[in-house]
Amino acid sequence: MTSSGGWNRRNVHIDVGEVSLEAEVIRIAGAPNRAAVVFHPWAWLGGCMGDPTVATLTRDAASSGLFSMVVRYNVRGTGESSGSKAFSTSTDCADATALCRYVLERLEHEGGQQQQQQQQQQQQLGAGAQAQQQQQAQQQQQQQQQRDKPRLALLAYSYGSCVAAGAMRELGDSVAAYVSVGFPLGLLSRAFLGSHSSWRQLMAARTAVPTPVLLLLGTLDQFTEIDTLTGLVQEARREDERRGGGGGTEGGGSGGSGSTAGAAGRPGLSLEVLRGCDHFFFDEWDTVGRTVTRWLGAVLTAPPETELGVE
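Residue indices follow the written sequence of each chain, beginning from 1 at its first position. Where local features are concerned, this predicted model is filtered to residues with pLDDT of at least 70; where side-chain atom pairs are given and counted, the filter is 80 or more; whole-chain, interface and lining totals use all residues. Side-chain numbers come from the whole structure's heavy atoms, not from hydrogens or water.

When you go through the protein chain residue by residue, the secondary structure sums to 8 helices and 10 strands. With a 1.4 Å probe rolled over the protein chains alone, any residue whose accessible area is under 20% of its type maximum counts as buried; one over 50% counts as exposed, and the rest are partly exposed. Taking all 311 residues of the protein chain together, the buried fraction comes to 51%. Two residues qualify as a contact provided that any one of their heavy atoms is within 4.5 Å of a heavy atom in the partner residue. At a minimum sequence separation of 6, the contacts of the protein chain that also span at least 24 residues come to 68%. Surface exposure here means Shrake-Rupley accessible area, sampled with a 1.4 Å probe, where a residue is shielded only by the protein chains that are shown. Roughly 14,300 Å² of accessible area belongs to the protein chain as shown, and the carbon and sulfur atoms make up 47% of that amount. Helical segments are the DSSP runs of H or I of at least four residues, strand segments are the runs of E of at least two, and each set is numbered from the N terminus.

Structural data, given as structure tokens:
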């Protein structure tokens, strides 16, 4: 266990059914009762939680002040996680869903402790406290409980995007935001990973429970052509419009974040393009991290009445 700068970092094993997953859990003091879970690339090609993009997403999420807990983990059969590598994305999705529910339980437990402390403070007001003070305290507690409802941001890289999409479908309104860096949607990825099915799961999940989604891709990505992802995003936006929902915007700079636009109650689908980057983002990891955390800051801190249309 290590701690520095308000962080408490430890390596743990989390039991999810028949396997135990190696994970790094970072606790951040004084941050909102919200967690980020970070997903790594395909284990069969060497993907693990030590991947540079995963490490950057983890570091920047922990530094953002948006989360009280950040978790990255190794899928089964990878690193010190038990079991054998899965051939099916659905197996990794089931493990990820169980891990996310474990994280939510930890958040709920910690949120309950905070509420007990608030109740004790109210009791210290004494029997002679004025009714107005008590009413204000109750209103503040209710607002705090709503803010402290445990929720997750799913931050995924490459194949991890497919795993996170499957988990998001199962987790429903416990997911506050979904980020994909390098969603693999080329022909080989569709054949070996079933990634087009994962894309459909992602779109179905954000339709069932309105959730802001950020897709980040390099113009030189070896596993997904820009035109392929752009076409799918445009199709999803047209479907949003047909349902009376929001569209979204497309970023196109070297790291500037596109805004998330929404209308009629549906969070937007944002596409951010990093020019000159391939799937591995060599020497551009900091750009990836800044782009993701800037977007997360916009969608997670906006008031409820404006969070669907961030300027």
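Attention shifts here to the pattern of salt bridges. We define a salt bridge as a contact between a side-chain nitrogen of Lys or Arg and a carboxyl oxygen of Asp or Glu at a distance within 4 Å. According to the stated counting rule, one finds 11 salt bridges in the structure shown. Aspartate 60 serves as the salt-bridge partner of arginine 59, at 2.7 Å between the closest nitrogen and oxygen. On the accessibility criterion, aspartate 60 (12% relative accessible area) is buried. The partner of aspartate 286 in a salt bridge is arginine 59, with the nearest N and O atoms 2.9 Å apart. Here the residue aspartate 286 occupies a position in helix H8 (residues 285–301), and arginine 59 occupies one in helix H1 (residues 52–63), the gap between them amounting to 227 residues. Under the relative-accessibility criterion, aspartate 286 is labelled partly exposed at 40%. A cluster of three or more residues bridged by salt bridges with shared partners is formed by Arg9, Glu24 and Arg72.

The next point concerns the packing of H1 against H8. Where H1 contacts H8, the two axes come as close as 9 Å, and the packing angle between them is 45 degrees. Looking at the two axes, H1 sits oblique to H8. H8 is crossed by H1, and the crossing has right-handed handedness. Every residue of H8 that contacts H1 at Pro52, Thr53, Thr56, Leu57, Arg59, Asp60 and Ala61 is listed here: Trp285, Asp286, Val288, Gly289, Arg290, Val292 and Thr293. Grouping the constituent residues of the contact of H1 with H8 by class yields 6 nonpolar, 4 polar and 4 charged. Lines are fitted to the C-alpha atoms to define the axes, a helix being fitted only along its stretch in contact, and any angle between axes, read from their N-to-C directions, falls within 0 to 180 degrees. Every angle not falling under 35 degrees, over 145, or within 65 to 115 is termed oblique; those three ranges are roughly parallel, roughly antiparallel and roughly perpendicular. Definitions for this section: a left-handed crossing has its near helix turned counterclockwise from the far helix by less than a right angle. A right-handed crossing has that turn clockwise. Any residue outside Ala, Val, Leu, Ile, Met, Phe, Trp, Tyr, Cys, Pro, Asp, Glu, Lys and Arg is labelled polar, Gly included; the first ten of those are nonpolar and the last four are charged.

Here we come to the packing of helix H6 (residues 195–208) against helix H7 (residues 226–243). In contact at an axis separation of 12 Å, H6 and H7 are set at 30 degrees when each is read in the N-to-C sense. Taken together, the axes of H6 and H7 are roughly parallel relative to one another. The element H6 and its partner H7 pack so that their crossing is right-handed. Here His196, Trp199, Met203, Arg206 and Thr207 of H6 come into contact with H7, specifically with Leu229, Leu232, Val233, Ala236, Asp240 and Arg243. Taken together, the residues of the contact of H6 with H7 break down into 6 nonpolar, 2 polar and 3 charged.

Here a pair means two rings of Phe, Tyr or Trp (six-membered ring of Trp) with centres within 6.5 Å. Their orientation is stacked below 30 degrees between planes, edge-to-face above 60, and tilted elsewhere. Inspection of the entire model under this criterion finds 8 aromatic pairs. Between tryptophan 44 and phenylalanine 87, the ring centres sit 4.8 Å apart and the planes meet at 25 degrees, which makes this aromatic pair stacked. Within this pair, whereas tryptophan 44 is found in the loop between strand S4 (34–39) and H1, its partner phenylalanine 87 is found in the loop between strand S5 (69–73) and helix H2 (89–123), the two being separated by 43 residues in sequence. Judged by centre distance (5.6 Å) and plane angle (80 degrees), the ring pair of phenylalanine 183 and tryptophan 199 falls under edge-to-face.

Soluble globular proteins tend to pack their nonpolar side chains together in the buried interior. By convention a nonpolar core is built from buried Ala, Val, Leu, Ile, Met, Phe, Trp, Tyr and Cys residues, the set being connected through side-chain atoms within 4.5 Å. Core analysis: the biggest nonpolar cluster contains 51 residues, and Phe39, Tyr73, Leu152, Leu154, Trp199 and Leu202 have the highest contact counts within it. A per-element tally of this core places helix H4 (residues 159–171) first, with 8 residues. Residues contacting tyrosine 73, with those up to four places away along its chain left out, are Leu21, Glu22, Ala23, Val37, Val38, Phe39, His40, Met49, Ala96, Leu99 and Val163. Ranked by size, the runner-up nonpolar core spans 31 residues in total, among them Leu57, Phe67, Val288 and Leu300.

This part is about the confidence of the model for the protein chain. What pLDDT expresses is the predictor's confidence in each residue, scored from 0 to 100. Averaged over all residues, the pLDDT of the protein chain equals 85, while 76% of them reach at least 70. Of the regions scoring below 50 in pLDDT, residues 116–121 engages in 3 contacts with residues more than four places distant in sequence or in other chains. For residues 305–311, every residue scores under 50 in pLDDT, and the model assigns this stretch 15 contacts once sequence neighbours within four places are set aside.

Turning next to a nonpolar patch on the surface. Patches here: salt-bridge-free residues with over 30% relative accessible area, like charges joined within 9 Å, nonpolar side chains (Val, Leu, Ile, Met, Phe, Trp, Tyr) joined within 5 Å. Where nonpolar side chains cluster on the molecular surface, the patch consists of Phe223, Phe280 and Phe282 and spans about 290 Å² of accessible area. By the secondary structure assignment, phenylalanine 223 is in the loop between strand S8 (213–218) and H7.

Turning our attention to H1. In this model H1 runs 16 Å from its N-terminal to its C-terminal C-alpha over 12 residues, within 8% of the 16 Å that 1.5 Å per residue would give. Of the positions making up H1, those classed as buried are Thr53, Val54, Thr56, Leu57, Thr58, Asp60, Ala61 and Ala62. Polar contact criterion, stated in full: a pair of N or O atoms within 3.5 Å, where within protein one must be able to donate a hydrogen and the other to accept it, and residues adjacent in sequence count only if both atoms are side-chain atoms. For H1, the capping residue at the N-terminal end is aspartate 51, with a side-chain oxygen 2.8 Å from the backbone nitrogen of threonine 53. With its phi angle positive at about 80 degrees, glycine 65 sits one or two positions after the end of H1. Multiplying one less than the number of residues by 1.5 Å gives the expected span of a helix.

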